[in-house]
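Okay, here's what each chain looks like letter by letter:
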Amino acid sequence: QVQLVESGGGSVQPEGSLRLSCAAPVGIFGINAMGWHRQAPGKQRELVAIITNGGGTNYADSVKGRFTISRDNAKNTVHLQMNSLKPEDTAVYYCNFKGRSPSGRSFDYWGQGTQVTVSS
């Protein structure tokens, strides 16, 4: 099972910033959508942001104007720039890659999760 590698989580004060990154292993082809999800304690996992192959983006209402998702197709990497962080952004953040391999098989890969804590 392919595991994505995440980095960039940590603790920050309210109104601070963090940048998350996620990379797929070498040799993964056919990635269509790259996204970030998060799960806070006692809550369901929710979509935070997603970016398609063509660069189209979609954000959860709660993060619009504060978070920016971007991707580097050549490196199979996705980033999430998080600004003006709020305590309610505290959660484990997971990256997710969806696509279809050259053989036609669809895939849905996840990262191991990285903790983001926002508190004073």
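Residues numbered from 1 in each chain as written. Predicted model: local features only at pLDDT ≥ 70, side-chain atom pairs only at ≥ 80, totals over all residues. Heavy atoms only, no water.

Asker: Summarise the nonpolar core; cite the residues concerned and give the values.
Answerer: Judged by nonpolar contacts, the single largest core of 31 residues is most densely connected at Trp-36, Leu-80, Met-82 and Tyr-93. Going through the elements one at a time, β3 (18-23), β4 (31-39), β5 (46-51), β7 (67-72), β8 (77-82), β9 (91-100), β10 (106-111) and β11 (114-118) are the ones with two or more residues in this core. If one sorts the elements of this core by residue count, β9 sits on top with four residues. Tyr-93 has contacts with Glu-6, Leu-20, Trp-36, His-37, Arg-38, Val-48, Phe-67, Leu-80, Met-82, Gly-113, Thr-114 and Val-116, leaving out every residue within four places of it along the chain. (Core = buried A, V, L, I, M, F, W, Y, C linked by side-chain atoms within 4.5 Å. Buried < 20%, exposed > 50% of the residue type's maximum accessible area, 1.4 Å probe, protein only. Helix = DSSP H or I, 4+ residues; strand = E, 2+ residues; numbered from the N terminus. Contact = heavy atoms within 4.5 Å.)

Asker: Talk me through the environment of Arg-100; I want residue IDs and the actual numbers.
Answerer: Along the chain, the position of Arg-100 falls in strand β9. Residues Arg-100 and Ser-62, spaced 38 residues apart in sequence, show a C-alpha to C-alpha distance of 30 Å. Contact partners of Arg-100, with chain neighbours within four places excluded, come to Phe-29, Gly-30, Asn-32, Arg-105, Ser-106 and Phe-107. Within the structure, Arg-100 has its side chain in polar contact with the backbone oxygen of Gly-104 (distance 2.7 Å). (Polar contact = N/O pair within 3.5 Å; in protein donor to acceptor, adjacent residues only side chain to side chain.)

Asker: Account for the environment of Leu-85, with residues named and values stated.
Answerer: Here Leu-85 lies in the loop between β8 and β9. With 70 residues separating them along the chain, Leu-85 and Glu-15 place their C-alpha atoms 4.8 Å apart. Not counting the four nearest positions on each side in its chain, Leu-85 is found in contact with Val-12, Pro-14, Glu-15, Gly-16, Ser-17, Leu-18, Arg-66, Phe-67 and Val-118.

Asker: Outline the side chain of Asn-96, listing residues and values.
Answerer: Turning to its location among the elements, Asn-96 is positioned in strand β9. The buried category is assigned to Asn-96, whose relative accessible area is 3%. A distance of 2.6 Å separates polar atoms of two side chains, one belonging to Asn-96 and the other to Asp-108. Of the polar contacts made by the side chain of Asn-96, one reaches the backbone oxygen of Tyr-109; its length is 2.9 Å. Apart from residues lying up to four places away in sequence, Asn-96 is in contact with Leu-4, Ala-33, Met-34, Gly-35, His-37, Asp-108, Tyr-109 and Trp-110.

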